[in-house]
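# Residue-level structure breakdown
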Amino acid sequence: MFNIKDYLEIIIPTYNRKKDLENALKQFLSPDSPVRSCLITILDNASNDDTETFVTQLISTHPNIQYKRHKINIGMGANICAAMALASKPYYWLVGDDDSYDFTHWNLVEKYLQQDPDCLIVTNFIVKDYSAPALINHLGLLSAGIYKTANITPEIIQNAYANIVNMFPHFALITHLINEHKKFIVMPNAITIWGTNNPDPQGKAYIRGCNNESKICPRLKYMWLSPAWYNILQMLKDSKLKSKLINEGYKYSDPPTDTTSRKCIKEFCKTNSLLFNNYYAMMLFLHLISKINYGYSFM
């Protein structure tokens, strides 16, 4: 008989957000929550607020919670990689400590998990588009997918660590699943509710906890979502899909107003040279600002 607690582990990376973590755990552990008995692993990046005290007290009444705390802050990206490597159940759900959840249609999650998907997409969508590029783009949200743990290999973990600087380390697994034509299922009803407020308006999430920003590697310090996204696409084998994803990213980008000017191109290339001196990513930017329109239908 299928029992979700035997199949699913929820992993929550966190750092200095005790109130957000408390709100997330309140949702997961509520009496009517379908995942209240699942293994919940909290991976604390050496928080110096009251996170440790809060979780320790919670464990006394909820033995299905395990708490792992780093001795030192290893960075947001590395904490995500560590979370992926820790997954122990057949499926893992790596969730943000500040997301919201709607379990109304959880019965469908259990139904679909029994169909053995490699990824079950469970988020809502800011852009109502169910094409493959849009769905892949939305997997950038940490809580958007439930993944089969068996696909986590040493190569995936090493690739995830290598892509910390690209801000989407978990995409090492996603691009692998796409390249290998693995099985994706899309929930018709959202479980993870993706908010529209930006919790990181200055783009500093990936260096939170560092005492001296001037000592941060430039590739990490100066990275922002657009170049990070286009660099991570290098891992995709399908060049046509890669091009479509370039265009998809434009919906979420905030490029300079004058996208036709030489100044715009110069600034994009200058920034990219500072980060990577990467010809491939530079060409992606040139495609982006030319606003090439690609069509694509979901597989």
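Note: the structure precedes this text.
Quick caveat: nothing in here was measured; it's all calculated off a predicted structure.

One turn of the α-helix equals 3.6 residues, which is why residues spaced by three or four share an orientation. Taken as a whole, helix α3 (residues 51-59) has its buried residues at T51, F54, V55 and L58. On an axial view of α3, the arc spanned by its buried residues comes to 90°, and they lie on one face. Buried residues along α3 sit in contact with β1 (8-14), α2 (18-29), β2 (39-44) and β3 (65-69).

Our next topic: the packing of helix α7 (residues 154-162) against helix α8 (residues 171-179). Here α7 crosses α8 at 130°, and the two axes come no closer than 8 Å. Here α7 is positioned oblique relative to α8, judged by the angle of their axes. Along the contact surface, α7 presents I156, N159 and A160, while α8 presents A172, L173 and H176. Split by residue class, the contact of α7 with α8 holds four nonpolar, two polar and no charged.

Applying the stated criterion across every chain yields a total of nine salt bridges. Notably, a salt bridge pairs R17 with D97, separated by 2.8 Å at the nearest N-O pair. Separated by 80 residues along the polypeptide, R17 in the loop between β1 and α2 and D97 in the loop between β4 (91-94) and β5 (100-101) bring together distant segments of the chain. Under the relative-accessibility criterion, D97 is labelled buried at 3%. Residue E180 pairs with K237 through a salt bridge whose shortest N-O separation is 3.8 Å. Of this pair, E180 sits in the loop between α8 and β8 (184-186) while K237 sits in the loop between α10 (225-232) and α11 (239-250), placing them 57 residues apart in sequence. On the basis of relative accessibility, which here comes to 61%, the residue K237 falls in the exposed class. Linked through salt bridges whose partners overlap, the residues forming this network are R17, D20, D97 and D98.

Calculation rules
- Residues numbered from 1 in each chain as written.
- Predicted model: local features only at pLDDT ≥ 70, side-chain atom pairs only at ≥ 80, totals over all residues.
- Heavy atoms only, no water.
- Buried < 20%, exposed > 50% of the residue type's maximum accessible area, 1.4 Å probe, protein only.
- Helix = DSSP H or I, 4+ residues; strand = E, 2+ residues; numbered from the N terminus.
- Arc of directions from axis to C-beta.
- Contact = heavy atoms within 4.5 Å.
- Axes fitted to C-alpha atoms, helices over the stretch in contact; angles between N-to-C directions.
- Parallel < 35°, antiparallel > 145°, perpendicular 65-115°, else oblique.
- Nonpolar A, V, L, I, M, F, W, Y, C, P; charged D, E, K, R; others polar.
- Salt bridge = Lys/Arg side-chain N within 4 Å of Asp/Glu carboxyl O.

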